[in-house]
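# Results of the structural survey
Listed below are the residues making up each chain.
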Amino acid sequence: MDLTCTEEERDFRAGLRAWLARTLPALPAKPSPDDWPARRAYDAGWQRRLYDAGYAGLHWPVDAGGRGATPTQHLIFLEETERAGAPYVGANFVGLLHAGPTIAAEGTAQQRARWLPPVLRGDEVWCQGFSEPDAGSDLASLRTRAVRDGDAYVVTGSKIWTSHAEVADWCELLVRTDPDAPRHRGISWLAMPMDAPGVTVRPLRTLAGSTEFAEVFLDEVRVPVTHRVGAENDGWRVTMVTLSFERGTAFVGEVVACRRTLGELARTAKENGRWDDPVLRRRLGRLYGEFGALWRLTQWNVSGAELSGGVPGVGGSVFKLAYSHARQELYDAAAQVLGADSLVLDEEWTRDRLSSLSYTIAAGTSQIQRNIVAERILGLPKGR
């Protein structure tokens, strides 16, 4: 890992800072957190600005519509956009951070040409149809069936915790195409249009009051065979590619955001007098060290992904495990700093604190990540 910036990378940072300074003041006001159609439009507008300026899919391969940026340029982009307070990927995080990179790595030329440009422009939004009521952490036990009928699969089943399904155009969908095969070998990865007949979406309200998740019911939905990414029954391997992006690089921008949040907490503690508490100061100092280490691990993971052809390795599980717990402690510390103000549900701090509780579950529970670290990195035997 070489973290030394070249002259080209310093010029890239300066150009990005100048573009952000010009662009951010002209953005419209953020919509209500509960208005997902408006949030989709807002996020799509930001993505279109990135696309027009040449910053969309910055680190994607050139033949996938990206800029083929170096790992350092990618990290510079994340640092500068977070420090400037630029919008996050928002409603299309599945398309930009999970499905898009998977299609870029595993899709055919026709699939890449069809699906990647609309993702990069912000024209199409994706959701993730992996988890089921009886197949969450044990994802390989999924039951949604896909039966081949000529040039289409007929899909029947249900999904849960489907991110942004209510505003999505496409779903990265895991289905069982061979019920007689071993659990991990009878699965296929499909791209399903959300407006297909037989798709029903039922939003779920979270602890924070938001509805970014939904149940999705599939009643004999026909999905063209040409929408399968990878070979039939090879979906588990393709899924591991998706999850490597989800765990390895999808959260990297949030590390910078957490470091910024930590700085805001320290300033608030100094203003309201809680900085005088030595226990709190030590806690914030330790969190500062943890997020600094996580940023270095981020740099290592991004660099490693570049060297391995763009797909992150199992080291992403180390990052995801450490990050999810550090984020929870960050917002526990925020409650200590803010006191009673941290209980006001309309405050962004409170929503973020409630959201942080999900991070030890999302993208694979902490228990799953510990198993991956133990078996695939440390070489320990599988548990019985």
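Source: prediction; values computed, not measured.

### Points about the overall build of the protein
Helix and strand counts for the protein stand at 11 helices and 8 strands. The long-range fraction of contacts in the protein, counting pairs at least 24 apart against all pairs at least 6 apart in sequence, stands at 72%. Within the structure as shown, the protein displays about 18,000 Å² of accessible surface, and the carbon and sulfur contribution to it stands at 52%.

### What to know about the pattern of salt bridges
Per the stated rule, a full pass over the model turns up 18 salt bridges. Residue Lys159 pairs with Glu132 through a salt bridge whose shortest N-O separation is 2.9 Å. Of this pair, Lys159 sits in strand β3 (residues 152–159) while Glu132 is found in the loop between β1 (126–129) and β2 (145–149), placing the two residues 27 residues apart along the sequence.

### Topic: the environment of Asp169
Mapped onto the elements of the fold, Asp169 is located in the loop between β3 and β4 (170–176). Measuring from C-alpha to C-alpha, the distance between Asp169 and Cys127 comes to 7.9 Å, with 42 residues separating the pair along the chain. Contacts of Asp169, omitting those with residues within four sequence positions, involve Arg40, Asp123, Glu124, Val125, Met192, Pro193 and Met194.

### Some thoughts on the nonpolar core
In terms of nonpolar packing, the biggest core is built from 65 residues, with Trp46, Tyr55, Phe77, Trp126, Trp189, Phe291 and Leu330 touching the most fellow members. Top element by residues in this core is helix α9 (residues 315–338). It accounts for 8 residues. For Phe291, the residues in contact, after removing those within four places along its chain, are Val255, Cys258, Arg259, Tyr323, Ala326, Arg327 and Leu330. Within the second largest apolar cluster, 21 residues are counted, among which are Val125, Leu173, Val199 and Val225.

### So, empty space enclosed by the protein
Applying the stated criterion to the full structure yields 2 cavities of 30 Å³ or more. Roughly 80 Å³ of volume is contained in the largest cavity. In terms of lining residues, the largest cavity is bounded by Arg40, Asp43, Ala44, Trp46, Gln47, Tyr88, Val89, Ala91, Asn92, Leu96, Gly122 and Val125. For the lining of the largest cavity, the element with the highest residue contribution is helix α2 (residues 36–53), accounting for 5 residues. Residues of the lining of the largest cavity, tallied by class, amount to 7 nonpolar, 3 polar and 2 charged.

### Some thoughts on the packing of helix α4 (residues 93–106) against helix α5 (residues 109–121)
Running from N to C, α4 and α5 cross one another at 155°; their axes reach a closest spacing of 10 Å. Put simply, α4 runs roughly antiparallel to α5. Remark: the crossing between α4 and α5 carries left-handed chirality. When α4 is examined against α5, the residues Gly95, Leu96, Gly100, Ile103, Ala104 and Ala105 are found in contact with a partner set consisting of Gln111, Arg112, Trp115, Leu116, Val119 and Leu120. Its residues assigned to classes, the contact of α4 with α5 shows 8 nonpolar, 3 polar and 1 charged.

### Digging into α2
Given a rise of 1.5 Å per residue, 18 residues ought to cover 26 Å, and the 26 Å separating the end C-alpha atoms of α2 matches this to within 8%. Here α2 has its buried residues at Trp36, Arg40, Tyr42, Asp43, Ala44, Trp46, Gln47 and Leu50. Where α2 is buried, its residues contact α1 (7–23), α3 (71–83), α4 and α5. Gly54 occupies a position one or two residues after α2 and carries a positive phi of about 85°.

### Quick word on the confidence of the model for the protein
In this model, the protein carries a mean pLDDT of 84, and residues with pLDDT of at least 70 account for 81%. Of all helices and strands in the protein, the one with the weakest mean pLDDT is helix α11 (residues 366–377) (65), whereas strand β8 (residues 228–229) scores best (98).

### Regarding the side chain of Arg228
Its location among the elements puts Arg228 in strand β8. No salt bridge is formed by the buried Arg228; the nearest opposite charge belongs to Glu232, separated by 4.1 Å. Apart from the residues within four sequence positions on either side, Arg228 is in contact with Gln111, Arg148, Tyr153, Ser188, Trp189 and Leu190.

### Focus on the pairing of strand β5 (residues 187–193)
The element β5 is extensively covered by neighbouring structure, given that 7 of its 7 residues are classed as buried. Here β5 shows no split at all, with Ile187, Trp189, Ala191 and Pro193 on one side and Ser188, Leu190 and Met192 on the other all buried. The pairing of β4 with β5 spans 7 bridges and is antiparallel. Looking at β5, one finds that Glu172 is bridged to Ala191. Where β5 and β8 come together, 2 bridges link them in antiparallel fashion. Within β8, the residue paired with Trp189 across the bridge is Val229.

### Quick look at α3
The terminal C-alpha atoms of α3 lie 18 Å apart, and with 13 residues this matches the ideal 18 Å at 1.5 Å per residue to within 8%. For α3, the buried fraction is high: 12 of the 13 residues fall into the buried class. The complete set of buried residues in α3 reads Pro71, Thr72, Gln73, His74, Leu75, Ile76, Phe77, Leu78, Glu79, Glu80, Thr81 and Glu82. Directly after α3, the chain includes Gly85, whose backbone phi takes a positive value near 75°.

### Structural notes on the environment of Pro133
Among the secondary structure elements, Pro133 is positioned in the loop between β1 and β2. Beyond its immediate stretch of four places on either side in the chain, Pro133 contacts Ser158 and Ile160.

### Topic: the packing of aromatic side chains
Inspection of every chain in the model, using the stated rule, returns 8 aromatic pairs. Centre to centre, the rings of Phe12 and Tyr55 are 6.1 Å apart; their planes meet at 70°, and the pair counts as edge-to-face. Placement of the pair is Phe12 in helix α1 and Tyr55 in the loop between α2 and α3, with a sequence separation of 43 residues. Classification of Phe12 by relative accessible area gives buried; the value is 6%. Residue Tyr55 is classed as buried on the basis of its relative accessible area of 9%. Put simply, the rings of Phe12, Trp19, Trp46, Tyr55 and Phe77 touch in pairs and so form one group of aromatic residues. One residue, Arg39, lies across the ring of Trp36, its end atom 3.8 Å from the ring centre.

Cut-offs applied
- Residues numbered from 1 in each chain as written.
- Predicted model: local features only at pLDDT ≥ 70, side-chain atom pairs only at ≥ 80, totals over all residues.
- Heavy atoms only, no water.
- Helix = DSSP H or I, 4+ residues; strand = E, 2+ residues; numbered from the N terminus.
- Contact = heavy atoms within 4.5 Å.
- Areas by Shrake-Rupley, 256 points an atom, 1.4 Å probe, with all protein chains shown as cover.
- Salt bridge = Lys/Arg side-chain N within 4 Å of Asp/Glu carboxyl O.
- Core = buried A, V, L, I, M, F, W, Y, C linked by side-chain atoms within 4.5 Å.
- Buried < 20%, exposed > 50% of the residue type's maximum accessible area, 1.4 Å probe, protein only.
- 1 Å grid on protein atoms, 1.4 Å probe; cavity = no way out; pocket = protein on both sides within 12 Å on 5 of 7 lines; lining within 4 Å.
- Points joined across faces, edges and corners; volume = space filled by probe spheres on them.
- Nonpolar A, V, L, I, M, F, W, Y, C, P; charged D, E, K, R; others polar.
- Axes fitted to C-alpha atoms, helices over the stretch in contact; angles between N-to-C directions.
- Parallel < 35°, antiparallel > 145°, perpendicular 65-115°, else oblique.
- Left-handed = near helix turned anticlockwise from the far one by under 90°.
- Expected span 1.5 Å × (residues − 1).
- pLDDT = per-residue confidence, 0-100.
- Lys, Arg positive; Asp, Glu negative; His and termini not counted.
- Pairing = 2+ DSSP bridges.
- Phe/Tyr/Trp six-rings, centres within 6.5 Å; stacked < 30°, edge-to-face > 60°.
- Lys NZ or Arg CZ within 6 Å of the ring centre and 35° of its normal.

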